[in-house]
Amino acid sequence: MAALTKAREGREMTEIGFLTDLGAVAFTDGVRVVRDTKLLGRCMTYARGLDALIVGHPQDPSLSHGAAATSGKFASLYGIPAVSPMAEVMGLDRDLALVAMTRGRYHADQITVAASLPALARARDAGLDVTAGISIHHLTLNEFDVGDYRTFFRFTPPLRSEDDRLSMVDAVAQGLIDTIASFHTPQDEESKRLPFEAAAPGAVGLQTLLPAALRLYHQGGLTLPQLFRAMALNPARRLDLSAGRLSDGAPADLVLFDPDAPFVLDRFALLSKSKNTPFDGARMQGRVLGTWVAGTPVFGDHA
Amino acid sequence: MSFRARHLLGIDHLKPDEIVSLLDLSEDYVTLNRRTVKHSDALAGMTQINMFFENSTRTQASFELAGKRLGADVMNMAVAQSSVKKGETLIDTALTLNAMQPDLLVVRHPHSGAVNLLAEKVNCAVINAGDGRHEHPTQALLDALTIRRAKGRLQRLTIAICGDIAHSRVARSNLILLGKMENRIRLIGPATLMPAGVADMGVELFEDMREGLKGVDVVMMLRLQKERMDGGFIPSEREYFHRFGLDAEKLALAAPDAIVMHPGPMNRGVEIDGTIADDINRSVIQDQVEMGVAVRMAALDLLARNLRASRGRTAVGEP
Ligand SMILES: NC(=O)OP(=O)(O)O
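Residues numbered from 1 in each chain as written. Chains lettered and ligands numbered in written order. Predicted model: local features only at pLDDT ≥ 70, side-chain atom pairs only at ≥ 80, totals over all residues. Heavy atoms only, no water.

Undergrad: Before we go on, may I ask you to explain the sheet that holds strand β1 (residues 26-27) of chain A in this structure?
TA: In sheet architecture, strand pairing relies on hydrogen bonds along the backbone and comes in two forms, parallel and antiparallel. Residue and element names in this part refer to chain A. Spatial ordering of the open sheet is given by β1-β2-β5-β6-β7, a layout of five strands whose pairing is parallel. Taken across any chain shown, the strands that pair with only one partner, and hence form the sheet edges, are β1 and β7 (179-181). Relative to strand β6 (residues 130-135), strand β5 (residues 105-108) is paired through three bridges, and the arrangement is parallel. If you follow His107 over to β6, its bridge partner there is Thr131. (Pairing = 2+ DSSP bridges. Helix = DSSP H or I, 4+ residues; strand = E, 2+ residues; numbered from the N terminus.)

Structure, rendered in structure tokens:
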């Protein structure tokens, strides 16, 4: 993925054509919302001519500025600056209106509250080229997990209510939310050893993506085929990659795993240099036994 | 004494009997403080450091006085507001101070949870003197003592907390304490200054101050926290005073013997009419300041006892 605007400053679009020629599969400013609606509309219009996908972060930036939690009783009691879930709905409404105006290709990076779902469903029904994703953390954790200001549970957007989490699991099952991603965000120890609202958001997620997702399978929220679609098939399709399926001519990118193998996660045993996982000490199930890239074993006993 | 905690970080984790024993001991210190010779040796030989990352007048002064009256060596660390921007300062400063072997650390910080974080890193007892919008436990305790002395009880009272609830740690700690003691709590203020989710906290909400003040036993005013506001919460101070400022006319709706409280510092003419604040028949604002010293002496004393007890269990060869 490449930046959507130069230096992600939201002022000028990047060279979407050149970047596409060089292999960029999507364009995004990440969690920096493009505030200038006219500019975002032009990006969509321009990108449409190149069939380029734009990934947006649906969030009203003036509402979410400075927020570290979702507004509600928990955030109020702990005195954490908070944002209403409606900030996501507003951001999504704006982006979807622009998609209707420009007919661009659009993916919402994280849809995390139930209140966003009707707008998403309407856009689909209207035939707009819109998909949506969610992070594994918003599917498996909720706002109360922050507990006593645990900074490894600070995310952008912040963790949501349990009702919203359950709605999101259901939306993945229904196919309204297309993709589940790790939103792997390494942070050094110092950035997390701060008061909650001053700490850096995000968690490492690559190595815990599978066992965390299998929690949803073991709890009965999602089936293995539903997880496969959200984690492999749909992302590959959306990015026009030939991976994510078993078929003639497709690359043999494979993973062999035992969905039941139990273990207790020790964050210091993670291979990532950063150890900022919310699952430290968590009991998990699911172990990768082997990984192949284009048919070559790269991990496990076969490597 | 039933107060067993190692730190005093908030009211939330205190049980009602712990609150009562803190207040009972505070009464002894009120008596002591009214004598000419105000010394006790409860903290003799101990070191107390006051670390204020945010401005304070009464809290810092009363903690200093409390420590000195109990015989501790008290040091005030002036931590410049500007050097706090990077949080490393907080933990680094804490570790540096910890190496100087203090026994009691009193901390105020602009971020919610910062004092909890610091308490994890040090060996001494930590008192939260206010963290962001989270808690200010000694303020709630001194308010409780003031109410108990003025009303003769701390239960079954109707208490109105008025004004900028959203930005106030004083409101949070008081809500929790007065709720634990089974009082009826009303929150009065414009909806922009109410935190989300308060409706689920077992309180009554009023946007009409006259309605909310009807028959209350205690009127607790809060300071409009202009420094914590990042946008327009109210149209003007003039309109705020008109709708939510405590004046004689609005106060007349409360119970005839209702008391008026304010944690300070006051914005006269914004949330409270100066003549009400100065009315010795209604206002207990100066009593609150007096109780503040006594409550802080009690808190320091009890934490010091617990500290000695825990060191007695673990340290060998201590005199
Ligand atoms: N009530 C109170 O906390 O006052 P200071 O800010 O002056 O300490």
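Undergrad: Would you explain the pattern of salt bridges in this entry?
TA: Note that side chains of opposite charge can pair when their charged atoms are close. Scanning the model with the defined rule gives 26 salt bridges over all chains in all. The partner of A:Asp178 in a salt bridge is A:Arg124, with the nearest N and O atoms 2.4 Å apart. Of this pair, A:Asp178 sits in the loop between α8 (162-174) and β7 while A:Arg124 sits in helix α6 (residues 117-125), and the two are 54 residues apart along the sequence. Classification of A:Asp178 by relative accessible area gives buried; the value is 13%. Between A:Arg193 and A:Glu190 there is a salt bridge, with its nearest N and O atoms 3.0 Å apart. We classify A:Glu190 as partly exposed; its relative accessible area is 36%. Salt bridges sharing common partners tie together B:Asp24, B:Glu27, B:Arg148 and B:Arg149. (Salt bridge = Lys/Arg side-chain N within 4 Å of Asp/Glu carboxyl O. Buried < 20%, exposed > 50% of the residue type's maximum accessible area, 1.4 Å probe, protein only.)

Undergrad: What am I meant to see in unusual backbone geometry here?
TA: Trans peptide bonds make up the majority, and among non-glycine residues the majority have a negative phi. Along the chain, A:Thr156 connects to A:Pro157 via a cis peptide bond; the corresponding omega equals -10 degrees. Take A:Pro157: it is sitting in the loop between α7 (136-140) and α8. Residue B:Pro265 is bonded to the preceding B:Gly264 through a cis peptide linkage, with omega at -15 degrees. Relative to the helices and strands, B:Pro265 is located in the loop between β9 (259-261) and α10 (274-277). Of note, A:Tyr149 is a non-glycine position whose phi angle comes to about 60 degrees, a positive value. Note on placement: A:Tyr149 falls in the loop between α7 and α8.

Undergrad: How should I be thinking about the interface of chain A and chain B in this particular structure?
TA: A common way to express how large an interface is: the accessible area buried when the components associate. Chain A puts 18 residues into the contact, and the matching count from chain B is 21 residues. Summing both sides of the interface, chain A and chain B together bury roughly 1600 Å²; the carbon and sulfur share of this comes to 61%. Of all residues in chain A, A:Tyr149, A:Arg193 and A:Pro195 give up the largest surface area on contact with chain B, accounting jointly for 31% of the area buried on that side. Counting across the chain A and chain B interface gives zero salt bridges. Linking chain A to chain B there are six residue pairs in polar contact (both at pLDDT 80 or more). Here the residues of the side of chain A that touches chain B are counted per class, giving nine nonpolar, four polar and five charged. (Contact = heavy atoms within 4.5 Å. Buried area = accessible area lost by both parts, 1.4 Å probe. Polar contact = N/O pair within 3.5 Å; in protein donor to acceptor, adjacent residues only side chain to side chain. Nonpolar A, V, L, I, M, F, W, Y, C, P; charged D, E, K, R; others polar.)

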